[in-house]
Amino acid sequence: MIVVFEKGTNRFIGMAPQVFDNGTLRDFTLEELYPDLDPEKYGAIFVEDSARYHMAPNHWQFKLDQAGNPVGIEYRPRPSIHLSTDAPDTDGDGMPELKADGKSQATINIQLMSGQKQHRAAEEIKLSTTGGKLSKRVLTTTKTGKAKVTLTSIQETITITVTASGLKEDMHSDSLTFELMP
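These remarks concern the structure in this document. (Residues numbered from 1 in each chain as written. Predicted model: local features only at pLDDT ≥ 70, side-chain atom pairs only at ≥ 80, totals over all residues. Heavy atoms only, no water.)

The next thing to look at is the nonpolar core. One broad trend across soluble globular proteins is that nonpolar side chains are buried collectively. Of all hydrophobic cores here, the largest spans 23 residues; its most connected members are I108, L127 and F178. Counting residues per element, the ones that place at least two in this core are β8 (79-85), β10 (105-114), β12 (124-129), β15 (146-152), β16 (159-166) and β17 (174-181). The element contributing the most residues to this core is β10, with four residues. Among residues more than four places away in sequence, those in contact with I108 are L83, S84, L134, A147, K148, V149, L151, V162, L176 and F178. In terms of nonpolar packing, the next biggest core, distinct from the first, is built from nine residues, M1, F5, I45 and W60 among them. (Core = buried A, V, L, I, M, F, W, Y, C linked by side-chain atoms within 4.5 Å. Buried < 20%, exposed > 50% of the residue type's maximum accessible area, 1.4 Å probe, protein only. Helix = DSSP H or I, 4+ residues; strand = E, 2+ residues; numbered from the N terminus. Contact = heavy atoms within 4.5 Å.)

Next up, the structure:
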């Protein structure tokens, strides 16, 4: 399969599967597909012929070499939400604690990730909780993919789970569970 792109910007132009020609399968050439394109400004790479690239084009991106030139196609990592808090975990059980006094607060930090890297984009995030009060239920991250929200405790000694999910369907969600202590 041939994949055509604009050199310099790596903007996707088009693709075409192999063609059956004189009894054999072969790839199209750039000139056959786009006879009027300047080969100095446009390039092509060849990848395995697969319908998956056509069925879900937003799930793929160019794989780049050290110089930033396309050399293949790779799966685009889905953004994910990572939650952390400033509340301490004094007993080491993996759940931060808040006092069950109805006044104690914890800051919840939201960071968007794309694989192992920070996802640097403003995205809308929806928050829900099984208890307590959140300062916001829907928020937009900054352009660096970060946001903060405050959780205020209640007066019961239970656990509270805060869940964050993206308003886009292709984002992994995350949750954080707090213990409320007397």
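So that's the structure; there's more coming.
Close approach of charged atoms lets side chains of opposite charge pair. As enumerated under the stated definition, the model contains four salt bridges in all. In this structure, D21 engages R26 in a salt bridge whose closest nitrogen and oxygen atoms are separated by 2.7 Å. For D21, a relative accessible area of 28% translates into the label partly exposed. A relative accessible area of 27% places R26 in the partly exposed class. Here R26 makes a salt bridge to E32, at a shortest N to O gap of 2.7 Å. (Salt bridge = Lys/Arg side-chain N within 4 Å of Asp/Glu carboxyl O.)

With the rule as written, the count across this model stands at three aromatic pairs. For the ring pair Y53 and W60, a centre distance of 5.0 Å and an interplane angle of 80 degrees mean the geometry is edge-to-face. W60 matches Y53 in its accessibility class, with the two residues each being buried. A centroid spacing of 5.6 Å and a plane angle of 85 degrees characterise the contact between W60 and Y75, whose relative ring orientation is edge-to-face. Taken together, the residues W60 in strand β6 (residues 60-64) and Y75 in strand β7 (residues 70-75) connect sequence positions 15 residues apart. Since its relative accessible area comes to 45%, Y75 is described here as partly exposed. Feature note: the residues Y53, W60 and Y75 constitute an aromatic cluster, connected by ring pairs. (Phe/Tyr/Trp six-rings, centres within 6.5 Å; stacked < 30°, edge-to-face > 60°.)

A few words now on the pairing of β15. Bridge analysis of β10 against β15 gives seven bridges, and the strand direction is antiparallel. Within β15, the residue paired with Q105 across the bridge is T152. The pairing of strand β13 (residues 133-134) with β15 spans two bridges and is antiparallel. Within the sheet, the bridge partner assigned to K133 lies in β15 and is T152. (Pairing = 2+ DSSP bridges.)

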